[in-house]
Amino acid sequence: MSEITEATLDEPLAPRQDKLRRAFFRFRQSRLSMLGAGLVAVVVFFTIFGTVLAPYPEHVAGGVATSTRFEPPSSAHPFGTNELGQDVLSLVMAGTTVSVLAGFGVVLIGSVIGTLFGAVAGFVGGWTDEVLMRFTDLTLTIPSLILAMAIAAALGPGFTNMVIAISLSWWPGYARLVRGEVLAAREEVYVTAARAIGANPGRILFRHILPNIVSPIIVKMSLDMGFAILTVAGLGFIGIGVRPPTPEWGTLLSLSRSYMPDYWWTAMAPGMAMFLAVFGFNLLGDGLRDILDPKARR
Amino acid sequence: MLYFVLRRIVLLVPVVIGLTVIMFAIARILPGDPVALAAGPNATQAEIEALAREFGLDQPIWTQYFNYVAGLVQGDLGTSLLTRRPVAADIAAYLPATLELVLAAMFIAVAVGIPLGLVTAVWRNRWPDYLSQVAAIGAISMPRFFLGLLLQLCFAMWLMWLPLGGRLPIIVIPPPFVTGFLTIDTLIAGDLHAFTTALRHLAMPAIAMALSPLATIMRMMRASTIEVLQQDYVTTARALGLPRRKIILKYVARNAVSATLTVVGLYFGWLLGGTVLVETVFDWPGLGLYATKAIISQDMMPVIGVALVIGLLFVIANLIIDVLYGVINPKVRYT
């Protein structure tokens, strides 16, 4: 205890650093947030190294082993093998890359489109605001899963098309969030000051306002990651999205449906992987919201 | 109040126009040739063109759009390119199944979520509260289709308590159509056996749909209850010596529910559009399955129709919620 006091006395921290440090401390205090961060770390690890570390890389590439079809979990295959004799663990490990990168792509593209929409609407105001926000509200009323499915089906299968399709139904939430934040920030003194100096509107919006409202956007992105992964998997489950042999959690789960209940293990690993990844991102998002967005703290 | 409702109903018109414009744009601008797909792999160019002419797809897009809107006014949602059946009739046939599923799920979510939220708020920072908070995040993280699969595996395949899927087995004679909700129609017909059969078929899909909204409603209810518990009038009531049970049930619960209602309205629309996955798992013959089939064959008229109907129901649900605010909280004024 005394050590901490001494350290702070010896070298006073800059206010910003101090804030970060306190936030990090609070984050570490919450066991659930730490669990979430741990799960996300594991997920990110498998996103990068899943394909490389898979025990049967030939199965990930689409190779089959008909002599070992439907083997129950064993030491050689901890999660059993599927209808093609492929090692389920390898497929799920490699599937992390597709599912998580797609989820991240969706959140990233969705947040960029939504932020641009909301920022312009809130900053310019008047008719621009009215038109942009009515369009946003309309898009919100269209059932997003059906919209994403329709766009994905029209664009054809494939990773990029799937990410684009879901992103196009994902941005309205960000537009509404950012518009509200920009409306509030527009009245702040620093904006008036920037205007008085003669900064042009674009500079005020992108250099002054947006950096100040980035916290709620990051919080929403982290809370959305889980749902984006779920949506990607949902599209895969229905059969729109990436096609086999590219391993993807939703597709793997959908294939295993035909072999229930006798070969139940083919469903467990992809399902649990999905659940744990989403659980991790949701816990992390909750924790981040608590420290970055105290207004929303419950 | 009446003025408020009327104004909101008039505001539905621009929503319908906007929805049709967006869906039409998506249907026509995106690549993919639905006509060639519908005509089949062996169709000649002339056959494809004939099919396009038959459905008016050779005309400029704005002519197509105005034809569609003209039909819409008369309740015509177009014709499916693939089955040649009118979309409106198809939707009328599939909508009750989806509505029954969503309402059942919503009922479970509200009936369990609101009391749970209240209880965990009262027991704040004790172990049942912590446990339920973790469980709630877990429930939100659970993919509905995986949960559905687990339920099937457990209750239909291993324990054999519940049927695997569908709404009614073919051997059961369906009740005469009144509401389209099998659970209600069988009761009206007085057929108890068919009623229990329908209910047993509804149970698993409804639970799979309900879990995530249940958790969200519980969390909302917990948060707003905690806020209400800190209000001065609760302290006053306590000081006056009112029984704790009465304070919570009569004053706190009522005030906390109104904030939670918004989530219920939002979730209703979300569930309507999100039945797709659960309907696929349980072979539930609803709008989601219908839309999925149409989407896979790029048959856009049914897709536009489904999006329109769900969008409208979503707006109407939120209107009902807004009216309910006034019933629960007399302070709310409609302007």
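Going by the structure above, here's the rest.
Residues numbered from 1 in each chain as written. Chains lettered and ligands numbered in written order. Predicted model: local features only at pLDDT ≥ 70, side-chain atom pairs only at ≥ 80, totals over all residues.

Trainee: Outline the overall build of chain B, supporting the account with residue identities and numerical values.
Mentor: Of regular secondary structure, chain B possesses 15 helices and 0 strands. In terms of its C-alpha atoms, chain B occupies a principal-axis envelope of roughly 85 × 55 × 40 Å. A buried classification covers 40% of the 335 residues belonging to chain B. For chain B, contacts bridging at least 24 residues in sequence account for 72% of all contacts bridging at least 6. (Helix = DSSP H or I, 4+ residues; strand = E, 2+ residues; numbered from the N terminus. Buried ≥ 20, exposed ≤ 12 C-beta atoms within 10 Å, placed from the backbone. Contact = placed C-beta atoms within 7 Å.)

Trainee: Give a detailed account of unusual backbone geometry, specifying residues and quantitative values.
Mentor: All names here are of chain B. The backbone of Met160 shows a phi angle near 55°, a positive value even though the residue is not glycine. Tracing the chain through its elements places Met160 in the loop between helix H8 (144-158) and helix H9 (182-188). For Met160, a count of 9 C-beta atoms within 10 Å corresponds to the exposed category. Its identity is not glycine, yet Asp283 carries a phi of approximately 50°, on the positive side. The topology assignment puts Asp283 in the loop between helix H13 (275-282) and helix H14 (287-296).

Trainee: So what's going on with the packing of helix H3 (residues 31-53) of chain A against helix H14 (residues 265-292) of chain A? Residues and values would help.
Mentor: Residue and element names in this part refer to chain A. Viewed as axis vectors pointing N to C, H3 and H14 meet at an angle of 135°, and their least axial separation amounts to 7 Å. One finds that H3 runs oblique with respect to H14. Read as a crossing pair, H3 and H14 show a hand that is left-handed. Where H3 abuts H14, its residues Leu32, Ser33, Leu35, Gly36, Ala37, Leu39, Val40 and Val43 lie against Leu276, Ala277, Phe279, Gly280, Phe281, Leu283, Leu284 and Gly287. (Axes fitted to C-alpha atoms, helices over the stretch in contact; angles between N-to-C directions. Parallel < 35°, antiparallel > 145°, perpendicular 65-115°, else oblique. Left-handed = near helix turned anticlockwise from the far one by under 90°.)

Trainee: For the nonpolar core, give the residues involved together with the corresponding values.
Mentor: The nonpolar side chains of soluble globular proteins are, as a tendency, buried together. Met149(A) and Ala307(B) are the most contacted members of the largest nonpolar core, which has 166 residues in total. It is helix H10 (residues 192-229) of chain B that provides the largest number of residues to this core, a total of 16 residues. Discounting chain neighbours no more than four positions away, the residues touching Met149(A) are Leu235(A), Ile238(A), Ile240(A) and Ile295(B). (Core = buried A, V, L, I, M, F, W, Y, C linked by C-beta atoms within 7 Å.)

Trainee: Please provide a residue-by-residue account of the packing of helix H12 (residues 244-273) of chain B against helix H15 (residues 300-328) of chain B, values included.
Mentor: All names here are of chain B. Put simply, H12 and H15 touch, their axes get as near as 9 Å, and they point 170° apart. With respect to H15, the axis of H12 lies roughly antiparallel. On H15, the residues touching Arg254, Val257, Ser258, Leu261, Thr262, Val264, Gly265, Phe268, Gly269, Leu272 and Gly273 of H12 are Ile310, Leu313, Phe314, Ala317, Asn318, Ile321, Leu324, Tyr325 and Ile328. Here the residues of the contact of H12 with H15 are counted per class, giving 13 nonpolar, 6 polar and 1 charged. (Nonpolar A, V, L, I, M, F, W, Y, C, P; charged D, E, K, R; others polar.)

Trainee: An account of the interface of chain A and chain B is needed here, citing residue identities and associated values.
Mentor: On the side of chain B, 40 residues touch chain A, which itself brings 37 residues to the contact. Looking at the side of chain A that touches chain B, the elements that each hand over two or more residues are helix H6 (126-141), helix H7 (144-155), helix H12 (214-238) and H14 of chain A. Looking at the side of chain A that touches chain B, the element that brings in the most residues is H7(A), giving 10 residues. Partitioning the side of chain A that touches chain B into residue classes produces 27 nonpolar, 7 polar and 3 charged.

Trainee: Just give me the short version of helix H7 (residues 127-141) of chain B, but keep the residues and values in it.
Mentor: Helix length check: H7(B) (15 residues) gives 21 Å between terminal C-alpha atoms against 21 Å at 1.5 Å per residue, within 8%. Looking only at H7(B), the buried set comprises Ala136(B), Ile137(B), Ala139(B), Ile140(B) and Ser141(B). The elements touched by buried residues of H7(B) are H12 and H14 of chain A together with H10 of chain B. (Expected span 1.5 Å × (residues − 1).)

Trainee: How would you summarise H14(A) if you had to cite specific residues and measurements?
Mentor: Between its first and last C-alpha, H14(A) extends 40 Å over 28 residues, near the 40 Å set by a 1.5 Å rise per residue. The element H14(A) is extensively covered by neighbouring structure, given that 23 of its 28 residues are classed as buried.

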